[in-house]
Amino acid sequence: MKIVRARDFEAASRKAANYIFSQITLKPDSVLGLATGSSPVGIYENLIAAYRRGDLDFSGVRSVNLDEYVSLGPEHPQSYAYFMQTNLFAHVNILPTNIYLPNGLDEDAAAQCAAYDRLIHELGGIDLQLVGIGHNGHIGFNEPADKFVKGTHCVELTKSTIDANARFFPCEDLVPRKAYTMGILDILQAKRVVMIACGRSKAKILMEAITGPVTPAVPASILQLHPDFTLVADEEALSEL
Ligand code: F6R
């Protein structure tokens, strides 16, 4: 594991964006595993800026997102498909046919999850997976549990996650209670994993995930076992380490 310390969110975003920048530069047809939430927003801004400068070309890039809310379609402003369009895809030259997220409108959970795992496999696996970390230690929507789930699956979101994500919705009642998420093995099988974590509110869980036991009670702790895992974090998030 490599830990990259950054002064603040802006610096962390720049440093983490550099990993994706070099990934795409070295392998223009990379399969990127992407994340939503507040943590990667600065990374995407840096990638858009690099594209506008003419330094980055997304035309060969394929992307698979970690997760999507069940019941929200891509037109819904709080869906992760919509988030990715507004925060990255609409501003770079990635081909729409190379963008993949779980289909939140598919009511057949088993078929949707199997199809997503098949897709990742058919793409040849993920070259670089970007993740954030939830306050309860989740990665993707792999919530704390008594066992790790390997493949893409449908999860019941925990109260902690619903509360944390309510800030993006007009009210908490509108936060979907279920999501499709890549599983732990999908994430672990990525060739490289880069986590971005910023802010004091992430300090305690980051310490548990990085220095504590590997346990499904803190899903992010499994990343300690990944052979190419980089944590990019600001000083506040690293303050308990
Ligand atoms: C989002 C995702 C989540 C977030 C996590 C942190 O696609 O998979 O695991 O990375 O909830 O969210 P933020 O960055 O908003 O603190």
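Remember, predicted model here, so these are calculated numbers, not experimental data.

J.: Before we go on, may I ask you to explain the overall build of the protein in this structure?
T.: Regarding its fold elements, the protein presents seven helices and 10 strands. For the protein, whose C-alpha radius of gyration is 16 Å, the value lies close to the compact-globule estimate of 18 Å for 241 residues. Burial statistics for the protein: of 241 residues in total, 54% are counted as buried. In the protein, of all internal contacts separated by at least 6 residues, the share reaching a separation of at least 24 is 79%. A total accessible area of about 10600 Å² is found for the protein, and carbon and sulfur atoms account for 54% of it. Across the protein, the 21 positively charged side chains and the 28 negatively charged ones have centroids separated by 6 Å.

J.: Hey, could you run me through the packing of aromatic side chains in this one?
T.: Note on aromatic pairs: each is described by the distance of the centres and the angle between the planes. Under the definition given, this model contains five aromatic pairs. Taken together, a centroid distance of 6.5 Å and an interplanar angle of 70° make the contact between Y51 and F58 edge-to-face. Here Y51 falls in the partly exposed class, since its relative accessible area comes to 27%. Ring centres 5.7 Å apart and planes at 80° place the aromatic pair Y69 and F169 in the edge-to-face group. Here Y69, found in strand β4 (residues 67-69), pairs with F169, found in the loop between α5 (159-165) and β8 (178-181); they are 100 residues apart in sequence, far enough to count as distant. The class of Y69 is buried, set by a relative accessible area of 1%. In this structure an aromatic cluster arises from ring pairing among Y69, Y80, F141 and F169.

J.: Hey, could you run me through the sheet that holds β8 in this one?
T.: Sheet strands pair by backbone hydrogen bonding; their relative direction is either parallel or antiparallel. In spatial order, the strands read β4-β8-β7; together these three strands make up an open sheet with antiparallel pairing. Only two strands of the sheet have a single neighbouring strand rather than two, namely β4 and β7 (153-156). Taking each pair of neighbouring strands and ignoring which way they run, the sheet shows an average axis angle of 25°. As defined by bridge partners, β7 adjoins β8 across four bridges and the pair is classed as antiparallel.

J.: I'm lost on helix α3 (residues 80-87) in this one. Help?
T.: Given 3.6 residues per turn, any residue in an α-helix points the same way as the ones three and four places further on. Taken together, the buried positions of α3 are occupied by Y80, A81, F83 and M84. The buried residues of α3 occupy one face: seen down the axis, they fall within an arc of 160°. Looking at the packing, one finds that the buried side of α3 touches β2 (31-34), α2 (41-53), β3 (62-65), β4 and α5.

J.: How should I be thinking about the pairing of β8 in this particular structure?
T.: Along a regular strand, successive side chains alternate from one face of the sheet to the other. As paired strands, β4 and β8 are joined by three bridges and run antiparallel to one another. Bridging from a neighbouring strand, D67 pairs with T181 of β8.

J.: Looking at this structure, I do not really get the packing of helix α1 (residues 9-26) against α2. What am I missing?
T.: Closest axis-to-axis distance for the α1/α2 pair is 8 Å, and the angle between their directions is 55°. Between α1 and α2, the crossing angle belongs to the class labelled oblique. In this structure, α1 meets α2 at a crossing whose hand is right-handed. Only G42, I43, N46, L47 and A50 of α2 make contact with α1, whose side of the interface consists of F9, S13, R14, A16, A17, I20 and F21. Looking at the contact of α1 with α2, its residues break down into eight nonpolar, three polar and one charged.

J.: What is the right way to read the nonpolar core from this model?
T.: Soluble, globular proteins show a tendency: their nonpolar side chains are buried together. One finds I20, I43, Y44, L47, F58, M84 and L88 to be the most contacted residues of the largest nonpolar core, which totals 45 residues. Elements that contribute at least two residues to this core include exactly β1 (2-6), α1, β2, α2, α3, β6 (128-131) and β9 (192-197). It is α1 that contributes the most residues to this core, seven residues altogether. Beyond its immediate stretch of four places on either side in the chain, Y44 contacts L34, A35, F83, M84, N87, L88 and L130. Grouped together as the second largest cluster of nonpolar side chains are 32 residues, L119, I126, I187 and L231 included.

Rules behind the numbers
Residues numbered from 1 in each chain as written. Predicted model: local features only at pLDDT ≥ 70, side-chain atom pairs only at ≥ 80, totals over all residues. Heavy atoms only, no water. Helix = DSSP H or I, 4+ residues; strand = E, 2+ residues; numbered from the N terminus. Rg over C-alpha atoms; globule rule 2.2 N^0.38 Å. Buried < 20%, exposed > 50% of the residue type's maximum accessible area, 1.4 Å probe, protein only. Contact = heavy atoms within 4.5 Å. Areas by Shrake-Rupley, 256 points an atom, 1.4 Å probe, with all protein chains shown as cover. Lys, Arg positive; Asp, Glu negative; His and termini not counted. Charge placed at Lys NZ, Arg CZ, Asp CG, Glu CD. Phe/Tyr/Trp six-rings, centres within 6.5 Å; stacked < 30°, edge-to-face > 60°. Pairing = 2+ DSSP bridges. Axes fitted to C-alpha atoms, helices over the stretch in contact; angles between N-to-C directions. Arc of directions from axis to C-beta. Parallel < 35°, antiparallel > 145°, perpendicular 65-115°, else oblique. Left-handed = near helix turned anticlockwise from the far one by under 90°. Nonpolar A, V, L, I, M, F, W, Y, C, P; charged D, E, K, R; others polar. Core = buried A, V, L, I, M, F, W, Y, C linked by side-chain atoms within 4.5 Å.

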